[in-house]
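As a plain string of letters, each chain reads:
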Amino acid sequence: MSIIESQNVNEIIRRTLGIINPKIIVHGEIVGYMLYKMLECDGRYDEQEILDYTMLGVLHDIGLYREEGLGNVADFETAASPWSHSIYGFLFLKYLSPIGDRAEIVLYHHLPYNRYEMVKSKYSHITECLALADKMDNFMRCKETKIKEDYFSKYRNIHFSGDALDLFYKAEKKYGITAKLANGEYRDELGGIMSRSIFSETYKKGFLEMLVYSIDFRSEHTVVHTMSTVNFAMQLGRLMKVGAKNLRNMYYGALLHDLGKVAIPLDILESPGRLGEEEMRVMRAHVRITEMILSGLVDEDVLQIAVRHHEKLDGTGYHKGLSEKDLTLPQQIVAVADILSALYGKRSYKDSFDSSKIRRILQEDAGNGKISRQAVDCLMAHYDAMIREYEEQKDETIGLYLRIKQQHEEIKKKLEGIAP
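Attention in this report is confined to the structure presented alongside it. Small disclaimer: the values here were computed from a predicted structure and weren't measured. (Residues numbered from 1 in each chain as written. Predicted model: local features only at pLDDT ≥ 70, side-chain atom pairs only at ≥ 80, totals over all residues. Heavy atoms only, no water.)

**Details of helix α1 (residues 6–20)**
- Here α1 has its buried residues at Ser6, Asn8, Val9, Asn10, Ile12, Ile13, Thr16, Leu17, Gly18 and Ile20.
- In this fold, the buried residues of α1 make contact with α2 (22–42), α3 (47–58), α11 (185–196), α12 (201–213) and α16 (277–294). (Buried < 20%, exposed > 50% of the residue type's maximum accessible area, 1.4 Å probe, protein only. Helix = DSSP H or I, 4+ residues; strand = E, 2+ residues; numbered from the N terminus. Contact = heavy atoms within 4.5 Å.)

**Remarks on unusual backbone geometry**
- In this structure, His319 follows Tyr318 across a cis peptide bond, with omega equal to 20°.
- With a phi close to 55°, Lys120 is a non-glycine residue in the positive phi region.
- As for its position among the elements, Lys120 is in the loop between α6 (104–107) and α7 (124–140).
- The backbone of Asn157 shows a phi angle near 60°, a positive value even though the residue is not glycine.
- Within the secondary structure layout, Asn157 lies in the loop between α8 (151–154) and α9 (162–175).
- Looking at Asn157, the relative accessible area reads 38%, which means it is partly exposed.

**Examining the nonpolar core**
- One finds Ile12, Ile13 and Leu362 to be the most contacted residues of the largest nonpolar core, which totals 139 residues.
- Residue contributions to this core peak at 11 residues, all from α2.
- Here Leu362 is in contact with Ile339, Leu340, Leu343, Ile371, Val376, Leu379 and Met380, once residues within four sequence places are set aside. (Core = buried A, V, L, I, M, F, W, Y, C linked by side-chain atoms within 4.5 Å.)

**What about the packing of α1 against α2?**
- The N-to-C vectors of α1 and α2 enclose an angle of 140°; their axes lie 6 Å apart at closest approach. Overall, the two elements α1 and α2 adopt an arrangement that is oblique. Contacts from Asn10, Arg14, Leu17, Gly18 and Ile20 in α1 reach Pro22, Ile25 and Glu29 in α2.
- Looking at the contact of α1 with α2 residue by residue, the classes come out as 4 nonpolar, 2 polar and 2 charged. (Axes fitted to C-alpha atoms, helices over the stretch in contact; angles between N-to-C directions. Parallel < 35°, antiparallel > 145°, perpendicular 65-115°, else oblique. Nonpolar A, V, L, I, M, F, W, Y, C, P; charged D, E, K, R; others polar.)

**Here's the deal with the side chain of His408**
- Within the fold, His408 resides in helix α21 (residues 383–418).
- With residues near it in sequence (within four places) discarded, His408 still touches Ser84, Ile87, Tyr88 and Leu91.

Shown next, in the form of structure tokens:
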């Protein structure tokens, strides 16, 4: 059984990113749909290529999710210097998605057409089409943008490709793009290409991992915590000789367990101190939100591992107050890994707890019947080796993510030199 079916990949992206900012995902889907119909009309690409490019269209403004208090998407799209979100989106997709080899399309989608020869991209045709679709959606929102009615006649082959515009008009005549955008039919058609395509497990895994990294738009700490929870859960699972299927389910359950934190206010998510009663109530809602995002889209065993990581064996946990008889061993192991990650992790207001304190807290919780004694005993027996392995592997899981921040400014300077 697959963790997630191919046709559900876009829906889980839609649900997650839509919580962060619904305006951006709607804009992305419209642009992705326009690009899809243009490439279908063009006839030079096979269906898998069209799918990859359509996904890039849907995600082309993924860098905008970082912007707090975003009003109209078009305000950023038509800004004098839109490079920051284009660069971040490029780096994010390059390093953290399964379509990273084509991410430069996103990097250049705000580059004026008359500067394309300065970058020599092998994906120039796709970039032209994406840029045109992006501008076309903004034009359709002209009451809230700076794009004037004479834009497409005045700036042909200057700001955008004239050939791409001609292709859009051809596709519009053939498929009725704007009518389908107006009546909402485009959503079903966009879902149709997803359902016809068969994604490899690696491809689907890449998009699920990308979604976890997207929590960075709200909280860098949460990303680091998630990746360490995955690491600790997998180490414990292997040491406890959990079978291959359960290990797979634990990986994805741990990976997705905090996805609902995309909806938690930043002042609570990154609070510098102990949360009050009302704040804790809001924080605990992340489990229900995770369940809402994942329900019906991922394997049921994975879902239950993800949404039961705060349940306790004595029934005092949340969000359903389950007890030991309701909780499987993989669910109990991930719960222990989650606590270890939280205790070991650094925050702006605390350093990592020392090993003696971490051991004491975990042993007390196991002794009080709250978490798995079997998992804690295994952890105690291998604690130093597990921490050492985590630290050795951390650069692979977290270093890649941090590299994005290091490269951002360098690329920004380069692009602003090409198109100031």
